[in-house]
Amino acid sequence: MDDTKPSKSARKRAYIALQKLGEELITLRESDLQAMPFDEELRDAVLEARRIKAHGALRPQKQYIVKLMARLDPDPIREALARLRRNS
């Protein structure tokens, strides 16, 4: 067995953490969202999710946001959100 591969439970916990992070990004104000340290593709996906009103259409958009965030290091995003919370 390959010990370097994370367990299924660990992968699921990481996915759920990214989901929560993505949902928090969707609720940000426009100015705060623009200040986030991520690329234009993720920013556009978050903005699109904010425009979607139908729950059935929002779920796949949230999954897409998680997929995009999985390519990035989420720590800078978490740190920027923490700074926003402290300043609020």
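The structure under discussion appears in the preceding block.
Residues numbered from 1 in each chain as written. Predicted model: local features only at pLDDT ≥ 70, side-chain atom pairs only at ≥ 80, totals over all residues. Heavy atoms only, no water.

As a further point, take a positive patch on the surface. A cluster of like positive charges, contributed by Lys5, Lys8, Arg11 and Lys12, occupies part of the molecular surface. Given the relative accessible area of 58%, Lys12 is considered exposed. (Patch = residues over 30% accessible without salt bridge, like charges linked within 9 Å, V, L, I, M, F, W, Y side chains within 5 Å. Areas by Shrake-Rupley, 256 points an atom, 1.4 Å probe, with all protein chains shown as cover. Salt bridge = Lys/Arg side-chain N within 4 Å of Asp/Glu carboxyl O. Lys, Arg positive; Asp, Glu negative; His and termini not counted. Charge placed at Lys NZ, Arg CZ, Asp CG, Glu CD. Buried < 20%, exposed > 50% of the residue type's maximum accessible area, 1.4 Å probe, protein only.)

In this section: the environment of Met69. Looking at the element boundaries, Met69 is found in helix H4 (residues 55-70). Classification of Met69 by relative accessible area gives buried; the value is 1%. The residues contacting Met69, other than those within four sequence positions of it, are Leu18, Leu21, Gly22, Leu25, Leu42 and Ile77. (Helix = DSSP H or I, 4+ residues; strand = E, 2+ residues; numbered from the N terminus. Contact = heavy atoms within 4.5 Å.)

Following the criterion strictly, the structure yields eight salt bridges and no others. A salt bridge links Glu48 to Arg51; the shortest N-O distance between them is 3.2 Å. A residue pair is termed a helical-turn pair when its members lie 3 or 4 positions apart in one helix, as Glu48 and Arg51 do in helix H3 (residues 40-51) at three residues. Note that Arg78 and Asp75 form a salt bridge whose closest N and O atoms lie 3.3 Å from each other. In this pair, Arg78 and Asp75 are both assigned in helix H5 (residues 75-87), three residues apart and thus about one turn of the helix distant. Accessibility expressed as a relative area gives 33% for Arg78, which makes it partly exposed. The exposure class of Asp75 is partly exposed, given its relative accessible area of 39%.

The next point concerns the nonpolar core. Ranked by size, the top nonpolar core spans 22 residues in total, and within it Leu25, Met36, Leu42, Ile65, Met69 and Ile77 carry the most contacts. Of all elements in the fold, only helix H1 (8-26), H3, H4 and H5 reach the threshold of two or more residues within this core. Excluding residues that lie within four positions of it along the chain, Ile77 makes contacts with Leu21, Leu25, Met36, Pro37, Phe38, Leu42, Met69 and Leu72. (Core = buried A, V, L, I, M, F, W, Y, C linked by side-chain atoms within 4.5 Å.)

Below, the discussion takes up the packing of H1 against H4. Their axes nearest at 9 Å, the elements H1 and H4 cross at an angle of 110 degrees. Relative to H4, the element H1 lies roughly perpendicular. The two elements H1 and H4 cross, and the hand of that crossing is right-handed. Of the residues in H4, those touching H1 at Tyr15, Leu18, Gln19, Leu21, Gly22, Glu23, Leu25 and Ile26 are Lys62, Gln63, Ile65, Val66, Met69 and Ala70. Taken together, the residues of the contact of H1 with H4 sort by class into nine nonpolar, three polar and two charged. (Axes fitted to C-alpha atoms, helices over the stretch in contact; angles between N-to-C directions. Parallel < 35°, antiparallel > 145°, perpendicular 65-115°, else oblique. Left-handed = near helix turned anticlockwise from the far one by under 90°. Nonpolar A, V, L, I, M, F, W, Y, C, P; charged D, E, K, R; others polar.)

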